[in-house]
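Here's the letter readout for the chains.
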Amino acid sequence: MGEKIIILDFGGQYNQLIARRVRELGVYCEILPWNRPADQWREADLKGVILTGGPNSVYDPQSPRLEAGALESMGVPVLGICYGMQLINFLMGGQVERAAVSEYGHTELTHRGGVLFQGIPQQSVVFMNHTDYVSRPPQGFQVDAFTRACPAAAFSCPERGLYGVQFHPEVNHTQYGRQVLSNFVFGVCGCRGGYRAQDQIQAMLAAIRAQVGGGKVVAGLSGGVDSSVACVLADRALDKGQLTCVFVDHGLLRQDEARQVMDTYHKNLGLNVIHVDASQRFLDALAGVTEPERKRKIIGELFVRVFEEEARKTGAAYLLQGTIYPDRIESGMNGSATIKSHHNVGGLPKDSLFSRDRIVEPLAGLFKDEVRAVGERLGIPRAMVWRQPFPGPGLAVRCIGQLTREKLDILRRCDAIYLEELEKAGLSEKIWQSFAVLTGVNTVGVMGDGRTYAGCVALRAVTSDDAMTVEAAEIPYPVLKKCCSRIIAEVPGVNRVVYDITSKPPGTIEWE
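Residues numbered from 1 in each chain as written. Predicted model: local features only at pLDDT ≥ 70, side-chain atom pairs only at ≥ 80, totals over all residues. Heavy atoms only, no water.

## Let's talk about the overall build of the protein
On a plain count of helices and strands, the protein comes out with 14 helices and 18 strands. Here the C-alpha radius of gyration of the protein, 25 Å, is about what a compact globule of 512 residues would show, namely 24 Å. Dimensions of the protein along its principal axes, counting C-alpha atoms only, are 70 × 65 × 40 Å. For the protein, buried positions account for 58% of its 512 residues. (Helix = DSSP H or I, 4+ residues; strand = E, 2+ residues; numbered from the N terminus. Rg over C-alpha atoms; globule rule 2.2 N^0.38 Å. Buried < 20%, exposed > 50% of the residue type's maximum accessible area, 1.4 Å probe, protein only.)

Right under this line is the structure:
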């Protein structure tokens, strides 16, 4: 890979974003657990180390900490972000305290210079997310930036190659965050750039061949870009007859989606795809279930069971999945807090036919934009590569409460109207993800001069480039009004429509 940045993961929610930003700069990076022995990753091509944020307090004896002297022994520049900055401060003899005023969200920052702030206005807006703060920097460190409530929002000791920022430069909410990271990667670490995910395709193909050998593989093919790219990679890596792609209709798809997906794969990619209608099986298993994580676990296990059945028919010993980085972080991998379980991450039953070493995940280290770049290099049609993401659990996480065919049919119709109107308005390609949610709440209304007590539907549309942070899309009011009018007029059982303007964080893209 050439030059490399190592990111030590202390359990924060934005840690994968740090990796994405570094890769956007054209520098390869890897995320490793904070306690991975340094002799396993300290290599000649290592250019720098980034210590991530995390939920702990450095003064808690149980908090994750590097050993004394670890920073000096790395031999390359080190940047600490949030908890990472506090950890550098603690290890170097400074003081960290509970803040009298916590900082969350957009915060005005003033810098005093320093290499990390080259080319950045003296005042800018950053994203803060902390309750502890550096109250006394270590001896020899200079304070490079501050906010109203945080006297040391950034510090540095160039002589020792140590740098820290209390804010999160990796998130879009920090105005010049990319520049801060660029200044560290190029100005401090001396990297040159040049890494691109799509240039790694041959290595991905070789890794699939090395793992699978002459064995047979079943692949979970959902219709989304991740599983599509994973299946095309496997199809090119393996010999004819080794790969069987399985599209499972779990009864939680959008309107007419199963037919559209099968037509698309047969016409465009020529993959060996079989269609399994397991809709009744999934709905039976989900009957009466309301808790979101329980829904996801049930769906995840049933997917695996269906794949196992198909594997037995074909003699396959391996399962291919389109798992990507954001799936892993939100499912609590690398020590991060679990936000929501993804059915393709850590969802294998203990008695599964597929052991962990038989799971093939060629995209597990890539972000969505990198997957799309790989897909375009592979020649997958643009319409498929840029298809909106759709969750593996499907409408189960957009239909709040118990699932029934009646409720799912209502949601399907509302969703189809919404997507149709966005398409007519020319907005579809400007939106990362758009969908309707059946909220599970009934509201009082008046229709036909009579009282109604019917369902409330929420419309959601977000813009993003990574799915880790999103903003609500600003849909023109006439378009929303048209959607509302059509849904209430055309879908029995609905008498109210609302628009969800929540960003991520603090919300998530999906409701469950």
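## Some details on the state of the cysteines
For the structure shown, the criterion picks out zero disulfides. Residue cysteine 231 stays outside any disulfide, its sulfur separated by 3.7 Å from that of cysteine 245, the closest cysteine. Cysteine 414 forms no disulfide, and the closest cysteine sulfur to it belongs to cysteine 456, at a distance of 10 Å. (Disulfide = S-S within 2.5 Å.)

## Some points on the sheet that holds strand β8 (residues 154–157)
Spatially, nine strands are ordered β2-β1-β3-β4-β9-β8-β7-β5-β6 in an open sheet, and the strand pairing comes out mixed. Where the open sheet ends on each side, the last strands, each with one partner, are β2 (28–33) and β6 (123–136). Averaged over neighbouring strand pairs, the angle between their axes works out to 20 degrees when direction is ignored. As paired elements, strand β7 (residues 142–146) and β8 share three bridges and run antiparallel to each other. Counterpart to alanine 145 in the pairing with β8 is alanine 154. Across the face of the sheet, helix α4 (residues 177–188) comes into contact with β3 (46–51), β4 (78–81) and β9 (162–165) while running at roughly 170 degrees to β4. (Pairing = 2+ DSSP bridges. Axes fitted to C-alpha atoms, helices over the stretch in contact; angles between N-to-C directions. Contact = heavy atoms within 4.5 Å.)

## Some points on the environment of arginine 312
Within the element layout of this structure, arginine 312 appears in helix α9 (residues 292–314). Sequence separation between arginine 312 and tryptophan 386 is 74 residues; the distance between their C-alpha atoms is 34 Å.

## Quick look at the pattern of salt bridges
If you walk through the whole model with that rule in mind, you get 32 salt bridges. Here glutamate 421 ties to arginine 486 by a salt bridge, and the two come within 2.7 Å at their closest N and O atoms. Pair noted here: glutamate 421 is in helix α13 (residues 405–424) and arginine 486 is in helix α14 (residues 477–490), with a separation of 65 residues, a long-range link. A network of salt bridges, in which partner residues are shared, links Glu420, Glu421, Lys424, Lys482, Arg486 and Glu490. (Salt bridge = Lys/Arg side-chain N within 4 Å of Asp/Glu carboxyl O.)

## A closer look at the sheet that holds strand β12 (residues 273–277)
With parallel pairing, the five strands of this open sheet are ordered in space as β12-β11-β10-β13-β14. Of all the strands in the sheet, the pair left with one neighbour each is β12 and β14 (359–360). Of the pairings in the sheet, the one linking strand β13 (residues 318–320) to β14 comprises two bridges and is parallel in character. From the neighbouring strand, leucine 320 faces β14, where its bridge partner is valine 360. Helix-sheet contacts for helix α7 (residues 257–268) involve β11 (243–249) and β12, and the interaxial angle to β12 is about 170 degrees.

## As for the packing of helix α6 (residues 225–237) against helix α11 (residues 368–377)
Here α6 crosses α11 at 45 degrees, and the two axes come no closer than 10 Å. Taken together, α6 and α11 sit at an angle that is classed as oblique. Seen from above, α6 lies across α11 with left-handed handedness. Contacts from Val225, Asp226 and Val229 of α6 reach α11 at Lys368, Val371, Arg372, Val374 and Gly375. (Parallel < 35°, antiparallel > 145°, perpendicular 65-115°, else oblique. Left-handed = near helix turned anticlockwise from the far one by under 90°.)

## Thoughts on the packing of aromatic side chains
For any pair of aromatic rings, the description rests on two quantities: the centre-to-centre distance and the angle between the ring planes. For the coordinates displayed, the defined rule picks out nine aromatic pairs. A connected cluster of aromatic rings, assembled from ring pairs, spans Phe10, Trp34 and Tyr83. The ring of phenylalanine 390 has arginine 254 sitting right over it, with the charged end atom 3.9 Å from the ring centre. Over the face of the ring belonging to tryptophan 432 we find arginine 372, whose NZ or CZ atom lies 5.0 Å from the ring centre. (Phe/Tyr/Trp six-rings, centres within 6.5 Å; stacked < 30°, edge-to-face > 60°. Lys NZ or Arg CZ within 6 Å of the ring centre and 35° of its normal.)

## Topic: unusual backbone geometry
Not every positive phi belongs to a glycine, and cysteine 82 is a case in point at roughly 60 degrees. Along the chain, cysteine 82 turns up in the loop between β4 and α3 (83–91). With a phi close to 65 degrees, aspartate 256 is a non-glycine residue in the positive phi region. Mapped onto the elements of the fold, aspartate 256 is located in the loop between β11 and α7. For aspartate 256, a relative accessible area of 39% puts it in the partly exposed group.

## Some points on the pairing of β9
Side-chain alternation along β9 places Leu162 and Gly164 on one buried face and Tyr163 and Val165 on a second face that is also buried. The pairing of β4 with β9 spans four bridges and is classified as parallel. Following the sheet pairing, isoleucine 81 is matched in β9 by valine 165. In this structure, β8 lies alongside β9, joined through four bridges in antiparallel fashion. What sits directly across from serine 156, in β9, is tyrosine 163.

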